[in-house]
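Structural description and commentary
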Amino acid sequence: MGLNRFSLSGKRALVTGASRGIGQALAIALAEADADVAVTARSKEALAGTVKAIDAASRNSIAIAADVRAVDDCRRAVAQTVAALGGIDILVNNAGIEQVSPSLDVDEALWDKIVDTNLKGAFFMAQAAARAMKGGAILNLCSLTSERGIPTAAPYGSSKTGLLGMTRALAAEWAKRGIRVNALAPGYFRTEMTEMFYADANWQASMLAKIPMDRFGVMDDLAGAAIFLCSDAASYVTGICLPVDGGTLASI
Ligand code: NDP
């Protein structure tokens, strides 16, 4: 019992979209919690830094090039993970994109790109992983837009609200298989995806005003929450979406 329950020793994880940003930070955090970690992005080269950090934590790793929009890539990524690490116990569905646009200007291509990456990709990764898992944990990267409406983010918000619904449905369906399915809703974290917002000082000031803790998130804020939900410490927790947002959702 105790702190051992938070250890990921003996567990095999797959983190999608781990070439940078939150996915990279979570892949390294899982390795530091003693999991072996497979990482994906659209190119293998982009994963070199992440693999190096996992190696530095003395854990096994494999870099896999896979586009989550392609169902065959999802299945191949899981199969390569199982072949390289001997199985799969944890899936972190992190790969995601955002592109804001007034809703009157959203075209079919933009809608499909965002929803196929953030929602369809997450579903088929989860399906492929669940077929291979003998129990385990799936963690989906939701968002404040899973809970609140944000102007010019309709496709993204639709995908992330859908991802929350998917989290709950799979949690209910796969509990009998011993698979827990949870989500994180990060608040505002500075990454390549959000750089377009952070570049605007007015945006920063208006967002900070909505964060009771009066600061943006840093990767360590997410790591502990992710390790908890992927670990046996969360053995009776499934179907939740945990905000990691400095109190934003509680106050808006
Ligand atoms: P980044 O843009 O920094 O990273 C996105 C990652 O997803 C990259 O590794 C990218 O890899 C990968 N990716 C994108 N498209 C695909 C694809 N089609 N197939 C496979 N991989 C893909 O974003 P963040 O780190 O900010 O975001 C990570 C997740 O967290 C996303 O799901 C996002 O919605 C969510 N989130 C982020 C928040 C934030 O404040 N940053 C807030 C709330 C949620 P590559 O381009 O190398 O293929």
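Below is a summary of the structure that appears in this document. (Residues numbered from 1 in each chain as written. Predicted model: local features only at pLDDT ≥ 70, side-chain atom pairs only at ≥ 80, totals over all residues. Heavy atoms only, no water.)

Bringing helix 4 (residues 108-132) into the picture now. For an α-helix, 3.6 residues make a turn, and residues three or four places apart therefore share a direction. Taking 1.5 Å of rise per residue, the 25 residues of helix 4 would be expected to cover 36 Å, and the 34 Å separating its terminal C-alpha atoms lies within 8% of that figure. Maximal helix bending in helix 4 amounts to about 45°, located at D116. (Helix = DSSP H or I, 4+ residues; strand = E, 2+ residues; numbered from the N terminus. Expected span 1.5 Å × (residues − 1). Bend = angle between axes of the 7 residues up to and from the residue.)

Moving on, we come to the environment of A57. Within the secondary structure, A57 sits in the loop between helix 2 (48-56) and strand 3 (61-65). Considering only alpha carbons, one finds A57 and S43, 14 residues apart in sequence, at a separation of 23 Å.

Let us now look at the sheet that holds strand 2 (residues 36-41). Whenever strands of a sheet pair, they do so through backbone hydrogen bonds, lying parallel or antiparallel. Across the sheet, which stays open at both edges, the seven strands sit in the order 3-2-1-4-5-6-7 with parallel pairing between neighbours. The open sheet has two edge strands with one neighbour each: strand 3 and strand 7 (241-244). Along the sheet, successive strands turn relative to each other by an average axial angle of 20°, direction set aside. Pairing between strand 1 (residues 12-15) and strand 2: four bridges, direction parallel. Following the sheet pairing, A13 is matched in strand 2 by V37. Taken strand by strand, helix 4 contacts strand 1, strand 4 (90-93), strand 5 (136-141) and strand 6 (179-186), and its axis lies near 175° from that of strand 4. (Pairing = 2+ DSSP bridges. Axes fitted to C-alpha atoms, helices over the stretch in contact; angles between N-to-C directions. Contact = heavy atoms within 4.5 Å.)

A word on the environment of P155. Mapped onto the secondary structure, P155 falls in helix 5 (residues 154-174). The spatial distance from the C-alpha of P155 to the C-alpha of D73 is 23 Å, given a sequence separation of 82 residues. Setting aside residues no more than four positions away along its own chain, P155 makes contact with V106, W111, I114 and V115.

It is worth spelling out the site of the ligand at this point. The environment of the ligand is made up of 29 residues, and the closest members are S19, R42, N94, Y156 and T191. Between the ligand and S19 there is a distance of 2.7 Å, counted from an oxygen atom to a side-chain nitrogen or oxygen. For the ligand, an oxygen atom lies 2.8 Å from a polar atom in the backbone of I22. Considered on its own, the ligand offers 900 Å² of accessible surface; in the complex 95% of this is hidden by protein. Mapped onto the shell around the ligand, the elements with two or more residues apiece are helix 1 (21-32) and helix 5. Residues of the shell around the ligand, tallied by class, amount to 13 nonpolar, ten polar and six charged. (Near = heavy atom within 4 Å. Polar contact = N/O pair within 3.5 Å; in protein donor to acceptor, adjacent residues only side chain to side chain. Areas by Shrake-Rupley, 256 points an atom, 1.4 Å probe, with all protein chains shown as cover. Nonpolar A, V, L, I, M, F, W, Y, C, P; charged D, E, K, R; others polar.)

Positioned with a positive phi, D34 is a non-glycine residue whose angle comes to about 85°. Backbone geometry places D214, a non-glycine residue, at a positive phi of 60°. Mapped onto the elements of the fold, D214 is located in the loop between helix 7 (201-208) and helix 8 (219-230).

This part covers the packing of aromatic side chains. Inspection of the entire model under this criterion finds seven aromatic pairs. Ring geometry for Y188 against W203: centres 5.6 Å apart, planes inclined by 80°, an arrangement best described as edge-to-face. Here Y188 is found in the loop between strand 6 and helix 6 (195-198), whereas its partner W203 is found in helix 7, with 15 residues between them in sequence. Overall, Y188 belongs to the buried group, its relative accessible area being 17%. Taken together through their ring pairs, the aromatic side chains of Y188, F197, Y198, W203 and F216 make up a single cluster. (Phe/Tyr/Trp six-rings, centres within 6.5 Å; stacked < 30°, edge-to-face > 60°. Buried < 20%, exposed > 50% of the residue type's maximum accessible area, 1.4 Å probe, protein only.)

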